[in-house]
Amino acid sequence: MNNQQLIDSLSRQDCQAVRSPWMASLMGVGASLFFFLAVSWYYGLRSDLADQALEPLFITHLALLGGSALVSAALACYLAIPRMDLPRWLPSLGFLPLTIWVSSLLFQLAHTLLHYPEQIYPQPMDRFCIQSFMLFLVLPGAYMLFQVKRLAPVLPHWSGALSVLFATSMGNFALMLLESNDNLYHQTAWHLIPTIMFTLGGFFLGPKILKW
């Protein structure tokens, strides 16, 4: 085999190894949805879900978290394919639904503190909440990182952050359907802050986790 034949052979192998990022993201989303169905079957959905489904803010937050999961999963895999024409702003697009969700929660928190401060009071860590959140972080999150690592991530910081964001978004999405605690302190302390912390952890640990 001469050099040109070797190059052609390796190129074909690379193309086969790095297939479609969309298939990888769909597999990650599918695995997470399957996991959510298993958890909801075991625990059951929140008892007031029918009433909450009529609340515009509840539906908006649910859509933002679902959108955050889908967009971050797609971008995590898309950014794991080497490209020369990748827009510099594209990675930040994956954080847009999260930013809107965070802004909405913080606005609610500020408004409530200003007008109804008695409604904001500390709540202890909820075992069900943290347990479910961590299960989504570990199982679907690890599976998404595995899917991304099988590609060729050249922006491991962003791919790591978006993979973890996918898992935390799915965790928050699931908890909105499973957990009846809508207290703003609880939502901020045990949902919002862990989401930001773990996503930042994915950003900084991405190069080590996604090394290839």
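Summary of the structure given here. (Residues numbered from 1 in each chain as written. Predicted model: local features only at pLDDT ≥ 70, side-chain atom pairs only at ≥ 80, totals over all residues. Heavy atoms only, no water.)

What to know about the layout of surface pockets
Here the idea is plain: a probe the size of a water molecule rolls over the atoms and shows the empty space left.
So, step 1. By volume, the largest pocket is sized at about 260 Å³.
So, step 2. Lining the largest pocket are 13 residues, with Leu57, Phe58, His61, Gln108 and Asp182 sitting closest to its centre.
So, step 3. Those elements that provide at least two residues to the lining of the largest pocket are α4 (56–78), α6 (96–115) and α9 (184–209).
So, step 4. At four residues, α4 tops the list of elements feeding residues into the lining of the largest pocket.
So, step 5. Within the lining of the largest pocket, the residues separate by chemical class into seven nonpolar, four polar and two charged. (1 Å grid on protein atoms, 1.4 Å probe; cavity = no way out; pocket = protein on both sides within 12 Å on 5 of 7 lines; lining within 4 Å. Points joined across faces, edges and corners; volume = space filled by probe spheres on them. Helix = DSSP H or I, 4+ residues; strand = E, 2+ residues; numbered from the N terminus. Nonpolar A, V, L, I, M, F, W, Y, C, P; charged D, E, K, R; others polar.)

Brief notes about helix α8 (residues 156–178)
So, step 1. A rise of 1.5 Å per residue sets the reference length of α8, with its 23 residues, at 33 Å; its end C-alpha atoms lie 33 Å apart and thus fit the reference within 8%.
So, step 2. Counting buried residues in α8 gives 21 out of 23 residues, a clear majority hidden from the surface. (Expected span 1.5 Å × (residues − 1). Buried < 20%, exposed > 50% of the residue type's maximum accessible area, 1.4 Å probe, protein only.)

Description of the nonpolar core
So, step 1. Core analysis: the biggest nonpolar cluster contains 44 residues, and Trp101, Val148, Leu162, Phe166 and Leu177 have the highest contact counts within it.
So, step 2. Of all the elements in the fold, those that place two or more residues in this core are α2 (21–43), α4, α6, α7 (127–149), α8 and α9.
So, step 3. In terms of residue count, α8 provides more of this core than any other element does, ten residues in total.
So, step 4. Those residues in contact with leucine 177 that lie beyond four places of it in its chain are Phe36, Leu45, Arg46, Leu49, Phe58 and Leu62. (Core = buried A, V, L, I, M, F, W, Y, C linked by side-chain atoms within 4.5 Å. Contact = heavy atoms within 4.5 Å.)

Re the packing of aromatic side chains
So, step 1. Counted according to the given criterion, the structure contains ten aromatic pairs.
So, step 2. Ring plane angle 80° and centroid distance 4.8 Å describe the contact between tyrosine 43 and phenylalanine 128, whose orientation is recorded as edge-to-face. In this pair, tyrosine 43 is assigned in helix α2 and phenylalanine 128 in helix α7, connecting sequence segments 85 residues apart.
So, step 3. Among the residues examined, tyrosine 43 registers a relative accessible area of 38% and is labelled partly exposed.
So, step 4. Using a relative accessible area of 21% as the deciding quantity, one classes phenylalanine 128 as partly exposed.
So, step 5. Ring geometry for phenylalanine 133 versus phenylalanine 198: centroids 6.2 Å apart, planes at 40°, classification tilted. (Phe/Tyr/Trp six-rings, centres within 6.5 Å; stacked < 30°, edge-to-face > 60°.)

Let's talk about the side chain of threonine 112
So, step 1. Here threonine 112 lies in helix α6.
So, step 2. Polar side-chain contacts of threonine 112 include one of 2.8 Å to the backbone oxygen of glutamine 108.
So, step 3. Residue contacts for threonine 112: discarding those within four places in its chain leaves Pro117, Gln119, Ile120 and Leu184. (Polar contact = N/O pair within 3.5 Å; in protein donor to acceptor, adjacent residues only side chain to side chain.)

Some details on the pattern of salt bridges
So, step 1. Tallied over the entire structure, the rule returns two salt bridges.
So, step 2. A salt bridge links arginine 46 to aspartate 48; its shortest N-O distance comes to 2.6 Å.
So, step 3. Here aspartate 182 makes a salt bridge to arginine 46, at a shortest N to O gap of 2.7 Å. Of this pair, aspartate 182 sits in the loop between α8 and α9 while arginine 46 sits in the loop between α2 and α3 (49–52), and the two are 136 residues apart along the sequence.
So, step 4. Exposure remark for aspartate 182: the relative accessible area of 36% places this residue in the partly exposed category.
So, step 5. Three or more residues joined by partner-sharing salt bridges are found here, namely Arg46, Asp48 and Asp182. (Salt bridge = Lys/Arg side-chain N within 4 Å of Asp/Glu carboxyl O.)

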